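Breakdown of the fold
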Amino acid sequence: FMENPGLYREYRDLTGLDAPVIGFLKEKGQADSMLQSIEPVVFSAVDRYMECGYNNLMFSFGCTGGHHRSMYSAQNLARILRDRYGDRIDVLVIHRELIAENKI
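Read on for a plain summary of the structure. These numbers were taken from a predicted model, which means no experiment stands behind them.

So, on to helix 1 (residues 19–28). Those residues of helix 1 that fall on the buried side of the exposure criterion are V21, F24 and L25. Burial along helix 1 is one-sided: seen end-on, the buried residues are contained in an arc of 95°. Facing away from the buried surface of helix 1 by more than 90 degrees, the exposed residues are A19 and E27. Those residues of helix 1 hidden inside the fold are in contact with helix 2 (31–52) and helix 3 (69–85).

Dropping the structure here:
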C-alpha cells in the first residue's frame, strides 16, 4: 500500500537502502507508519518465541520489484528489533532479489 518509488525514473536503479529512496518513502510512502503498525505483532511474536525457547522466526516483506519498499522495510524492522532486544536475539536480513541479480 505504500507509494512505489520504482514507478519513477529517478529511483528505478536505486534501492530502499539509498538515501533518495529512503527520503521518498519517508515523505510519500507511509513507510514509518506501516512499520509502527506492525510493531505490536512483531514484538508479541518475538516475545512468545523467546518464552518458548524457539530459535527461528522469520518476517518477510515483498513489493513489486523487491528493491525499494521491501528493502527499506526489512532494514528498518531489523533496526527496530536490534534496538528493542539488543544481543538477546540475532537478526539476519537477506535481500533475496539482490542476491538473485548478483548485486550483493
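Time to look at the environment of Y49. Relative to the helices and strands, Y49 is located in helix 2. Sequence separation between Y49 and F24 is 25 residues, and the spatial gap between their C-alpha atoms is 34 Å. Among all residues touching Y49, those that are not within four sequence positions of it are Y54, N56 and L57.

The subject of this paragraph is helix 2. Taking 1.5 Å per residue as the helical rise, helix 2 with its 22 residues ought to reach 32 Å, and the 31 Å between its terminal C-alpha atoms agrees with that figure. Along helix 2, the sharpest kink reaches roughly 40°, centred on E39 and followed within four residues by the proline P40. Of all the positions in helix 2, only A31, M34, L35, V42, F43 and V46 are classed as buried. Among the structural elements, helix 1 and helix 3 are those in contact with the buried residues of helix 2. Directly beyond the C-terminal end of helix 2, a positive phi value near 80° is found at G53.

Under the counting rule described, the total for this entry stands at five aromatic pairs. Judged by centre distance (5.5 Å) and plane angle (55°), the ring pair of Y8 and F24 falls under tilted. Of this pair, Y8 sits in the segment before helix 1 while F24 sits in helix 1, and the two are 16 residues apart along the sequence. On the basis of relative accessibility, which here comes to 32%, the residue Y8 falls in the partly exposed class. The exposure class of F24 is buried, given its relative accessible area of 4%. On the numbers, 5.0 Å between centres and 55° between planes, the contact of Y11 with F24 is tilted. Here Y11 is found in the segment before helix 1, whereas its partner F24 is found in helix 1, with 13 residues between them in sequence. A residue is classified by how much of its surface remains accessible, and Y11, at 15% relative accessible area, is buried.

Reading the values: the criteria
Residues numbered from 1 in each chain as written. Predicted model: local features only at pLDDT ≥ 70, side-chain atom pairs only at ≥ 80, totals over all residues. Heavy atoms only, no water. Buried < 20%, exposed > 50% of the residue type's maximum accessible area, 1.4 Å probe, protein only. Helix = DSSP H or I, 4+ residues; strand = E, 2+ residues; numbered from the N terminus. Arc of directions from axis to C-beta. Contact = heavy atoms within 4.5 Å. Expected span 1.5 Å × (residues − 1). Bend = angle between axes of the 7 residues up to and from the residue. Phe/Tyr/Trp six-rings, centres within 6.5 Å; stacked < 30°, edge-to-face > 60°.

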